[in-house]
Amino acid sequence: MGTFFQSSSEEISFTVSTNRPFTLYEFNRRLREEIENALPHRYWIIAEISEARVHHQSGHCYLTLTDKEPGSKSTLTAQARGTIWKRQYQEIAQYFESQTGHPLRAGLKILFNASPRFHELYGFSLDIHDIDPTYTVGDLARQRQETIARLQTEGLLDLNKKQVLPQVPQRLAIISSPTAAGYQDFVAQLANNPFGYAFKLTLFEASMQGIEAVSSIKAALSRVSLQQQAFDAVVIIRGGGSQTDLLCFDHYELASAVAQMPLPVLTGIGHERDESITDLVAHTPLKTPTAVAAFLIDRLNEFEAGVEEVFLQIKDAATALAVIAERRVSQLAAQVQQGTNQYLHRRQFQLECQTRTLSDKPQKFLTSEQRHVMCEELRLTHTVEQLLRAKENRQQQYLLHLETNSLKKLETGQRKVTHVEHCIQLSAKQRLQNAQMQFQKNQQRLLYGAKDHLQIKGHQLQLMEMDVRSHDPEIMLMRGYTLTYVNGKLLRSLDQVTAGDVLQTRLLAGSVISKVTKTKEPDLFD
């Protein structure tokens, strides 16, 4: 089945502005828009699950999807993250497991429907909307058929069946987990058998499920091989489980190791519906651990019953030898019949696998046609969407151009404003400095002027003080002058006195009291 993947013919590209660099968020956002425009639909993709993890809190399932180089199991050619969101995961997972018998797990190849998603923070991933289980069923059947065909080609399919199982197998090497319920049931049934048969059991511990199961069981088989003389047979048992838990028993490496064991291998793995590949290569495959125990007890019982019957019926040695020979022939015939039945069963199983593969082809064809119709429907709407996207892209380009021009003008205006602001600041600073210098000069001039003015005024004040002192009556009295008072007032003119007034004349030392008897006007010619 091919990969149902469409790729758009449109180139993913966008113009990077040379005016300013993008931030990482802006670049990733633009990249997301371009991816969504270039890959707008859902696509059918084939990939292998290398890791599957369900987040317990959110309920989302996260897958790591890989593609490998054809014919190689380790060379990766592609890898991506896939997400099944909670609202779809339960439905998809339940349907997938009901159809395939396997949960979504690592190692499965799936055909899934997904849409690409790019997130600015988490990067690229695929949103998974549906998974086609028929593809996985076909791939698992193909892998199983390839493993069986490889074992057949290498001559390993019937190799262990050629080992001779003793008539009385009592020394048994058990490969199992000591805590498995199947192992406990097996031991209890052998120990409590109604005939009292004794078995010597040696446990070789191994992990019976999970990633380590194949290597663990192979290691246990190797340890048994080193002690093969101490055992009659090897028993591989475990106690049932889901089909996923038993996948290790379809592994080629384990089946090859079982086929090449130097002792006959009995299996009681716990399959209820299908035989594992390990069962196919084993000497004697049985369904459950208790079935293996019943087989061993019955084998010893048959041998014991045969011996008793021979001794009761045979009366002489010749007859006994004949009966023993006849019994031996019957045993050989039974072994031949058992081998034939196993061969027919194996062939029938192969036929069922091929029938299942053939029955899957019409369903796959219908699924393919449905996908083709879906793709055609998507293509019909793609043209209209392309026109809309083209108009949106042109509008976005216009907006981007307008935004770019606006940013340019804004940056130019900001630069001019910054320049003017710088010039104003420089001019104001210069004027402030000049004003400060002028103020300092005026302050000094005012200080000097005030000092000179104070000196002049001080000098004038001194002169005035000297003049005042020169007119001090005390000084005049010291020079010989006198002061005459009339009625307590200084006599300055004749108009102030009349005859009979009393005058007081003040001298430097003392005063003279006199009375006016006569006044005389001054003679102008005297």
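Please read all numbers here as calculations on a predicted model, not as lab measurements.

*Asks:* Which residues make up the overall build of the protein, and what values go with them?
*Replies:* On a plain count of helices and strands, the protein comes out with 10 helices and 14 strands. Relative to its 526 residues, the protein shows a buried fraction of 31%. Residue pairs in contact within the protein that sit at least 24 positions apart in sequence constitute 64% of those at least 6 positions apart. When the accessible surface of the protein is split by element, carbon and sulfur atoms take 56% of a total near 34,100 Å².

*Asks:* For the sheet that holds strand S14 (residues 511-515), give the residues involved together with the corresponding values.
*Replies:* Spatial ordering of the open sheet is given by S12-S11-S13-S14, a layout of 4 strands whose pairing is antiparallel. Each of the sheet's edge strands pairs with one partner strand only, and the pair in question is strand S12 (489-490) and S14. Of the pairings in the sheet, the one linking strand S13 (residues 502-506) to S14 comprises 5 bridges and is antiparallel in character. From the neighbouring strand, threonine 505 faces S14, where its bridge partner is valine 512.

*Asks:* Residues and numbers for the nonpolar core, please.
*Replies:* Counting residues in hydrophobic clusters, the biggest one holds 33 residues, and the most contacted among them are Ile175, Leu221, Val224, Val234 and Phe249. Elements with a contribution of two residues or more to this core: helix H3 (133-153), strand S6 (171-176), helix H5 (213-226), strand S8 (233-237), helix H6 (252-259) and helix H7 (277-281). Tallying contributions element by element places H5 first for this core, with 6 residues. If we skip the residues at most four places from it in the chain, valine 234 touches Ala173, Ile175, Leu221, Val224, Met261, Leu263, Pro264, Val265 and Leu266. Ala47, Ala93, Leu104 and Ile128 belong to the second-largest nonpolar core, a separate cluster that totals 20 residues.

*Asks:* Help me get a handle on the sheet that holds strand S5 (residues 123-132), residues and values and all.
*Replies:* Think of a sheet as strands paired side by side through backbone hydrogen bonds, with each pair either parallel or antiparallel. Strand order in this closed barrel of 5 strands is S1-S2-S3-S5-S4, and the pairing throughout is mixed. Strand-to-strand twist across the sheet, computed as the mean angle between neighbouring axes with direction ignored, equals 55 degrees. Inspection of the sheet shows strand S2 (residues 61-68) paired to strand S3 (residues 76-84) by 8 bridges, in the antiparallel sense. If you follow lysine 68 over to S3, its bridge partner there is leucine 76. In the packing of helix H2 (residues 86-100) onto the sheet, contacts are made with strand S1 (43-54), S2, S3, strand S4 (109-119) and S5, and the angle to S5 comes to roughly 45 degrees. Sitting on the sheet, H3 touches S1, S4 and S5, and the angle it makes with S4 is about 130 degrees.

*Asks:* If you had to explain the pattern of salt bridges to someone new, which residues and values would you point to?
*Replies:* Opposite charge on two side chains lets them pair, provided their charged atoms get close. Applying the stated criterion across every chain yields a total of 8 salt bridges. Between glutamate 48 and lysine 68 there is a salt bridge, with the nearest N and O atoms lying 3.4 Å from each other. Of this pair, glutamate 48 sits in strand S1 while lysine 68 sits in strand S2, and the two are 20 residues apart along the sequence. Using a relative accessible area of 26% as the deciding quantity, one classes lysine 68 as partly exposed. Between glutamate 253 and lysine 218 there is a salt bridge, with its nearest N and O atoms 3.7 Å apart. Taken as a pair, glutamate 253 in helix H6 and lysine 218 in helix H5 lie far apart in primary sequence, 35 residues in all. Glutamate 253 gets classed as partly exposed once you look at its relative accessible area, which sits at 35%.

*Asks:* Explain the packing of H2 against H3 residue by residue, including any values.
*Replies:* Contact pair H2 / H3: the axes reach a minimum separation of 9 Å and the direction vectors enclose 35 degrees. The hand of the H2/H3 crossing is right-handed. Contact with H2, carried on its side by Tyr95, Phe96, Gln99 and Thr100, involves Pro133, Thr136 and Val137 of H3 and no other residues of that element. Classifying every residue of the contact of H2 with H3 gives 4 nonpolar, 3 polar and no charged.

*Asks:* A description of the packing of H5 against H6 should follow, citing residues and the corresponding values.
*Replies:* Across the interface, H5 lies against H6 with an axial gap of 9 Å and an inter-helix angle of 15 degrees. One way to sum up the angle between H5 and H6 is to call them roughly parallel. Here H5 runs over H6; the crossing is left-handed. In this structure, H5 contributes Val214, Ile217, Lys218 and Leu221 to the contact, and H6 contributes Glu253, Leu254, Ala257 and Val258. Considered class by class, the residues forming the contact of H5 with H6 number 6 nonpolar, no polar and 2 charged.

*Asks:* Give a detailed account of the environment of lysine 520, specifying residues and quantitative values.
*Replies:* As for its position among the elements, lysine 520 is in the segment after S14. For the pair lysine 520 and leucine 494, spaced 26 residues apart in sequence, the C-alpha to C-alpha distance is 8.2 Å.

*Asks:* Requested: an account of the packing of aromatic side chains, with residues and values cited.
*Replies:* The description of an aromatic ring pair rests on the distance of the ring centres and on the angle between the ring planes. By the definition in use, this model includes 2 aromatic pairs. Seen in terms of ring centroids, phenylalanine 195 and tyrosine 197 are 5.4 Å apart; in terms of plane orientation they differ by 25 degrees. Their pairing is stacked. Since its relative accessible area comes to 42%, phenylalanine 195 is described here as partly exposed. Residue classification places tyrosine 197 among the buried residues on the basis of a relative accessible area of 14%. Pairing phenylalanine 204 with phenylalanine 231 gives two aromatic rings, centres 5.8 Å apart and planes at 75 degrees, and the pair type is edge-to-face. With a gap of 27 residues between them, phenylalanine 204 in strand S7 (residues 200-205) and phenylalanine 231 in the loop between H5 and S8 connect regions that are remote in the sequence. By the burial criterion, phenylalanine 204 is buried, and phenylalanine 231 matches it. Over the aromatic face of tyrosine 252 sits the side chain of arginine 150, whose NZ or CZ is 3.6 Å from the ring centroid.

*Asks:* How would you explain the side chain of threonine 83 if you had to name every residue and give the values?
*Replies:* Residue position: threonine 83 is located in strand S3. Filtering out sequence-adjacent residues up to four positions away, threonine 83 remains in contact with Cys61, Tyr62, Leu126, Asp127 and Ile128.

*Asks:* Now, about unusual backbone geometry: what can you tell me, with residues and values included?
*Replies:* Unlike most non-glycine residues, asparagine 487 shows phi in positive territory, near 55 degrees. Structurally, asparagine 487 is set in the loop between strand S11 (483-486) and S12.

Thresholds, definitions, all that
Starting afresh in each chain, residues are numbered from 1 along the sequence in its written order. For a predicted model such as this one, the threshold for reporting local features is a pLDDT of at least 70, and the threshold for listing and counting side-chain atom pairs is 80 or more; totals across whole chains, interfaces and linings nevertheless cover every residue. Think of the side-chain values as coming from all heavy atoms in the structure, minus any hydrogens and water. For helices the rule is a DSSP run of H or I covering at least 4 residues; for strands it is a run of E covering at least 2, with both sets numbered from the N terminus onward. A 1.4 Å probe rolled over the protein chains alone gives each residue an accessible area, and that area as a share of the maximum for its type sets the label: buried under 20%, exposed over 50%, partly exposed in between. Working rule for contacts: check all heavy atoms of both residues, and any pair within 4.5 Å makes them a contact. The Shrake-Rupley method, run with a 1.4 Å probe, gives the accessible areas here. Residue values count only the displayed protein chains as cover. In this description, strands pair whenever DSSP reports at least two bridges between them. Buried Ala, Val, Leu, Ile, Met, Phe, Trp, Tyr and Cys residues that are joined via side-chain atoms within 4.5 Å together make up what is termed a nonpolar core. Structural elements are reduced to axes, namely lines fitted to C-alpha atoms, with helices fitted over the stretch in contact, and the angle between N-to-C directions of any two is expressed from 0 to 180 degrees. Whenever Lys or Arg places a side-chain nitrogen within 4 Å of a carboxyl oxygen from Asp or Glu, that contact is recorded as a salt bridge. For any helix crossing, the convention is left-handed if the near helix is rotated counterclockwise from the far helix by under a right angle, and right-handed if that rotation is clockwise. Think of it as three bins: nonpolar holds Ala, Val, Leu, Ile, Met, Phe, Trp, Tyr, Cys and Pro, charged holds Asp, Glu, Lys and Arg, and polar takes everything else, Gly as well. Under this scheme an angle from 65 to 115 degrees is roughly perpendicular, one under 35 degrees roughly parallel, and one over 145 degrees roughly antiparallel; angles in between are oblique. Only the six-membered ring of Trp is used, alongside the rings of Phe and Tyr, when aromatic pairs are assigned; centres must lie within 6.5 Å, and planes under 30 degrees apart are stacked while those over 60 apart are edge-to-face, with the rest tilted. Two conditions define a charge located above a ring, namely a distance within 6 Å from the ring centre to NZ of Lys or CZ of Arg, and an angle within 35 degrees of the ring normal.

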